[in-house]
Amino acid sequence: MSDVPVETLALRGDDIVKRFGAVTALDGVSLTLRKGEILGILGDNGAGKSTLIKILTGFHQQTSGKLFIDGVETMLRSVDHARALGVECVYQDLALANSLSIYHNMFLNREIIRRPFPFLNNRAMRTRAAQVLDEIGVHVPSVDLPVEQLSGGQRQAIAVARAVHSNAKILLLDEPLAAMGAREAGLIIDLILRLKAKGDLSIIMIMHNYAQTLDIADRVMLMQRGRVTYQREAASTSVAELMDIVRREYRAMRTAS
Ligand SMILES: Nc1ncnc2c1ncn2[C@@H]1O[C@H](COP(=O)(O)OP(=O)(O)O)[C@@H](O)[C@H]1O
Ligand SMILES: [Mg+2]
């Protein structure tokens, strides 16, 4: 997609390869993410989706290939480095501390310190957490509740809220709707669309449901065995077309084995 002017891109990856010993998890992946865009990534287990996200969030470093953030070539050294550049991730396992309150979780690893005393300012965190959740339309009975008392959808919403409240420019979501019923998934989809509507946020979501992907994403990208095998504007493809591509791949692999 070299036709997209670089200043409109939040992120670009060129020919990214990632090997784990003998395993090639990513075999030359190129992608673009426009500012304000939602990109949905689909693909089977083992396709390399999580590995790609982990490189974009600085958790893994690519074996080769280039990454550009806001037009600047960048080698992400760590999750903190990516975060400093406005890249935030919600991982598949959410990484919430389940026994801690909602508001503590919102500030996990980035607690507000009341200077000059080095202890947490609980009151400020509670107020701020409630404010942030209210702003993005996430409703919980109280920010004092431990996260373990929330539903899967509410926990996902807290994880998303935590990622965006620190001024994320690029939000990466690894299967945010996994294991969710239609109603809960609907709440998260609405939340993501509200965040998008606020402007300035670019989002990459790993998805597994084709219909949900086409509903929420501006563009879809299909990964198979460490490569991008298809990408299209969501409006110009269909569930049937995506299924057909995956079905053909599946048949080809069965015949080959
Ligand atoms: N830390 C790791 N060490 C070794 N192999 C890994 C590691 N992470 C992922 N892989 C391998 O890389 C491939 C892609 O995995 P992954 O990115 O998790 O796929 P997906 O998220 O699409 O299911 C798989 O073969 C997986 O076993
Ligand atoms: Mg994965």
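About the criteria used
- Residues numbered from 1 in each chain as written.
- Chains lettered and ligands numbered in written order.
- Predicted model: local features only at pLDDT ≥ 70, side-chain atom pairs only at ≥ 80, totals over all residues.
- Buried ≥ 20, exposed ≤ 12 C-beta atoms within 10 Å, placed from the backbone.
- Helix = DSSP H or I, 4+ residues; strand = E, 2+ residues; numbered from the N terminus.
- Pairing = 2+ DSSP bridges.
- Near = placed C-beta within 6 Å.
- Nonpolar A, V, L, I, M, F, W, Y, C, P; charged D, E, K, R; others polar.

Across the eight residues of helix 1 (residues 49-56), seven count as buried, placing the element largely inside the fold. Taken from the residues just after helix 1, G58 is the one with a positive phi, measuring 80°.

Residue alternation in strand 6 (residues 87-90) divides its side chains into two sets, V87 and C89 and E88 and V90, and both sets are buried. Across four bridges, the pairing between strand 6 and strand 7 (residues 170-174) is parallel. The residue bridging V87 from the neighbouring strand is I170, located in strand 7.

Okay, the sheet that holds strand 1 (residues 9-20) next. Taken together, four strands build an open sheet; the order of strands is 2-1-4-5 and the sheet is antiparallel. Of all the strands in the sheet, just strand 2 (23-34) and strand 5 (72-73) have a single pairing partner and so form its edges. Here strand 1 pairs with strand 2 via nine bridges, running antiparallel. If you follow L11 over to strand 2, its bridge partner there is L33.

This paragraph deals with the site of ligand 1. With respect to spatial proximity, the complete set of residues near ligand 1 consists of F20, V23, A25, G43, N45, G46, A47, G48, K49, S50 and T51. Residue assignment for the shell around ligand 1 shows that the elements contributing at least two residues are strand 2 and helix 1. The element that contributes the greatest number of residues to the shell around ligand 1 is helix 1, accounting for three residues. Looking at the shell around ligand 1 residue by residue, the class counts come to four nonpolar, six polar and one charged.

Don't take any of this as a statement about function, it's just geometry.
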